[in-house]
Amino acid sequence: MAVTRAASPAIYTSLVAAVLAFGLDRAQKGYHIAAECYGIGQANCVEIFTNYVPFSMTGWRGGEIVPVTSFFDYVLVWNTGISYGLLDGLPVWTLGAIMMVAIIGLSLWWWRADAPLVRLGLAFAIGGALSNALDRLIFGAVADFFHFHWGSWSFYIFNIADMAITLGVILLLIDLVGFGKSKAKPAD
């Protein structure tokens with residue numbers, strides 16, 4: 001008896017991955033970000049650029065910095081662009097539209113995919129992209145928290161959604177190079 005597309009374990013697994021990526025990112029942001037920052041696309045807190053060590057881990061508005069190690073800080077920085085701050089000068093609605101087109105495209109690819117690894121990679125990317133898109137809608141920018149640095153070198157600041165998107169891309173690349181696929185036997 002064949003497993004139907006709707007009952008495929010790969011679909012369920014990938015849906016769990018998407019919900020996990022989305023949920024973890026939303027939970028972290030919901031815990032840290034101040035209620036007064038919420039305002040559909042209004043960017044109530046985005047223009048605040050101060051650096052200070054917060055008294056608590058909740059109610060952050062932007063600029064908070066908690067040194068964790070000599071090479072890692074836990075911060076709140078608002079990204080008004082896309083990845084690495086690209087397209088920073090575009091209006092919020094334009095970036096939101098670009099993100100929605102990307103999410104729709106990834107979702108169509110996910111639905112049509114047959115390979116479990118591809119479906120899983122796309123699910124992680126979609127879950128992360130949806131959470132970042134919701135940030136843009138709610139805050140007018142994306143909230144980023146993790147900052148790795150060493151001396152004068154600084155890695156870009158990212159969030160859990162970005163980690164999910166990156167993991168998704170890595171899984172797609174692993175599938176692309178054929179990892180885990182059985183090799184076809186040559187015909188005699």
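Participant: What's the story with the overall build of the chain in this structure? I'm lost.
Facilitator: What the chain contains, in helices and strands, is four helices and four strands. Moving toward the C terminus, one meets the helices and strands of the chain in the order α-β-β-α-α-β-β-α. For the chain, the residues scored as buried account for 39% of the 188 residues in total. Look at the contacts in the chain between residues 6 or more apart in sequence, and 63% of them connect residues 24 or more apart. Counting only carbon and sulfur atoms, one obtains 73% of the accessible surface of the chain, whose full area is about 11,000 Å².

Participant: Would you mind going over the state of the cysteines with me for this structure?
Facilitator: Considering all chains together, one arrives at one disulfide under this definition. Two residues share a disulfide in this structure: C37 and C45, whose sulfurs sit 2.0 Å from each other. Taking the sign of the S-S torsion, -90° for the link of C37 and C45, the bridge is left-handed. For the pair shown, C37 and C45 are each scored as buried.

Participant: Explain helix α4 (residues 160-176) to me, please; I cannot follow it from the model alone.
Facilitator: What sets the pattern is the α-helix's 3.6 residues per turn: residues three or four places apart point alike. With 17 residues, α4 extends 24 Å between its outermost C-alpha atoms, agreeing within 8% with the 24 Å of an ideal straight helix rising 1.5 Å per residue. Here α4 has its buried residues at I160, A161, D162, A164, G168, L171, L172 and D175. On its buried side, α4 packs onto α1 (9-32), α2 (92-112), α3 (116-139) and β3 (142-150). Following α4 by one or two positions, G178 has its phi on the positive side, about 90°.

Participant: What is the right way to look at the layout of surface pockets in this model?
Facilitator: One water molecule sets the probe size; rolling that probe over the atoms shows where empty space is left. Looking at the second largest pocket, its volume works out to about 170 Å³. For the lining of the second largest pocket, the element with the most residues is strand β2 (residues 72-79), which contributes five residues.

Participant: I'm lost on the packing of aromatic side chains in this one. Help?
Facilitator: The geometry of two aromatic rings is summed up by the distance between their centres and the angle between their planes. Scanning the model with the defined rule gives 17 aromatic pairs in all. With a centroid separation of 6.1 Å and 15° between ring planes, the pair formed by F148 and F158 is classed as stacked. Of this pair, F148 sits in strand β3 while F158 sits in the loop between β4 (153-154) and α4, placing them 10 residues apart in sequence. Among the residues examined, F148 registers a relative accessible area of 31% and is labelled partly exposed. The class of F158 is buried, set by a relative accessible area of 10%. Note on Y156 and F158: the rings are 5.9 Å apart at their centroids and 50° apart in plane angle, and the pair reads as tilted. Each member of the aromatic cluster is reached from another via a ring pair, and the members are W60, F71, F72, Y74, F145, F146, F148, W150, W153, F155, Y156 and F158. Positioned above the aromatic ring of W110, the side-chain terminus of R119 is 4.9 Å from the ring centre.

Each value, and the rule that gives it
Residues numbered from 1 in each chain as written. Predicted model: local features only at pLDDT ≥ 70, side-chain atom pairs only at ≥ 80, totals over all residues. Heavy atoms only, no water. Helix = DSSP H or I, 4+ residues; strand = E, 2+ residues; numbered from the N terminus. Buried < 20%, exposed > 50% of the residue type's maximum accessible area, 1.4 Å probe, protein only. Contact = heavy atoms within 4.5 Å. Areas by Shrake-Rupley, 256 points an atom, 1.4 Å probe, with all protein chains shown as cover. Disulfide = S-S within 2.5 Å. Expected span 1.5 Å × (residues − 1). 1 Å grid on protein atoms, 1.4 Å probe; cavity = no way out; pocket = protein on both sides within 12 Å on 5 of 7 lines; lining within 4 Å. Points joined across faces, edges and corners; volume = space filled by probe spheres on them. Phe/Tyr/Trp six-rings, centres within 6.5 Å; stacked < 30°, edge-to-face > 60°. Lys NZ or Arg CZ within 6 Å of the ring centre and 35° of its normal.

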